[in-house]
Amino acid sequence: MKKCLALILAFVALNASAHQITSQEYSELFKKYNACFILYNLNEQKIVSEYNPNNRCNQRISPDSSFKIALSLMAFNQGIINQNTVFKWNGKKGVVPEHDQNQTPATWIKYSVVWVSQKITPELGYARIKHYLAGFNYGNQDFSGDPGKNNGLSHAWLSSSLKISAMEQLNFLKAMLSNELPVNHEAVENTQKNMYLGKLNNGADYYGKTGSGRNGRNERLTNPSLLRDGWFVGFVENGDQQYIFVSNLTDKVVQASINGQDGSLQPFGSQLLKPITLELLNDYFSKP
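What counts and what doesn't
- Residues numbered from 1 in each chain as written.
- Predicted model: local features only at pLDDT ≥ 70, side-chain atom pairs only at ≥ 80, totals over all residues.
- Heavy atoms only, no water.
- Buried < 20%, exposed > 50% of the residue type's maximum accessible area, 1.4 Å probe, protein only.
- Helix = DSSP H or I, 4+ residues; strand = E, 2+ residues; numbered from the N terminus.
- Pairing = 2+ DSSP bridges.
- Phe/Tyr/Trp six-rings, centres within 6.5 Å; stacked < 30°, edge-to-face > 60°.

S.K.: Explain the pairing of strand β4 (residues 205-214) to me, using residue names and the numbers behind them.
M.R.: Along β4, nine of the 10 residues are buried, which leaves the element largely enclosed by surrounding structure. Note: strand β3 (residues 196-199) against β4, three bridges, orientation antiparallel. Bridging across to β4, Tyr-196 finds its partner in Tyr-207. Here β3 folds back onto β4 in antiparallel fashion, the turn holding five residues, of which Gly-203 has a positive phi close to 100°. Note: β4 against strand β5 (residues 228-238), 10 bridges, orientation antiparallel. The residue of β5 that forms the bridge with Lys-209 is Val-233.

S.K.: Give a detailed account of the pairing of strand β2 (residues 46-51), specifying residues and quantitative values.
M.R.: Pairing between strand β1 (residues 33-41) and β2: five bridges, direction antiparallel. Of the residues in β2, the one forming a bridge with Ile-38 is Glu-50. Where β1 folds back on β2, the antiparallel hairpin that results is connected by four residues, among which Gln-45 adopts a positive phi of roughly 55°.

S.K.: Describe the packing of aromatic side chains, listing the residues and the values that go with them.
M.R.: Evaluation of the coordinates by the stated rule reveals 16 aromatic pairs. Seen in terms of ring centroids, Tyr-132 and Phe-136 are 5.7 Å apart; in terms of plane orientation they differ by 45°. Their pairing is tilted. One end of the pair, Tyr-132, and the other, Phe-136, are both in helix α6 (residues 126-136), four residues apart, so they sit about a helical turn from each other. Classification of Tyr-132 as buried rests on a relative accessible area of 4%. Given the relative accessible area of 3%, Phe-136 is considered buried. When the centroid spacing of 6.0 Å and the interplanar angle of 15° are considered together, the rings of Phe-143 and Trp-157 count as stacked. Here the residue Phe-143 occupies a position in the loop between α6 and α7 (152-155), and Trp-157 occupies one in the loop between α7 and α8 (166-177), the gap between them amounting to 14 residues. Judged by relative accessible area, Trp-157 falls into the buried class, the value being 1%. Chaining the aromatic ring pairs together yields one cluster made of Phe-67, Tyr-132, Phe-136, Tyr-138, Phe-143, Trp-157 and Phe-172.

Dropping the structure here:
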């Protein structure tokens, strides 16, 4: 009887009515940034909470590593990768220690490993990627890369030509979760599985992908921007309800702590954004 009661209470907690996020809370959390936050109930097909000053949610910025969701769908669908694929590290050390080792599709997403993406894109090829971008209705679908550099296959999504708005990210994720994208079910299932991040405070499972970059001119160009972009997008499974969250931010001003000389711009935009987004999600799904 006690076990049964505990299960009932857990189910009720997961399905408790949500706590509305106030405009004051949004303003305080995002006061240093131009930002957007959207929470969408997929079951009810409506936005249930939104922060969208100056129409920020319709402004396109580079997807940066949030593009790995789309790239994962492409690669799984084409059979270029499966869950047992091993990407061999070339031995060259980078900025993030977790990147300096062999990777799998799961660790590629988990650690956001750029060099794995840059192995996959040439195998897909420019024409096929463009075809998928059109099928996904993914932002401006521009995979040309830096102006005059012919580096789209290696850098188009990294503070470069490819751009997408938060609202377009929402529509892309809606299509993915509703199995309306031109990819097979296994590609969607594998991608979603690799996006799993853990549980919110109320026990709901959440899945997501971050992205970080520069707003405007990237580090490969002269006079690069010192303003950080950040993305955190994904979905929440709260009982029998499914929600999509999309958030992004850009620095309002260059921060004194940013080291513009080495191009690090640390902490990265996603490292600023992810804890804010999780605070908002935990607040929304907390018991009233």
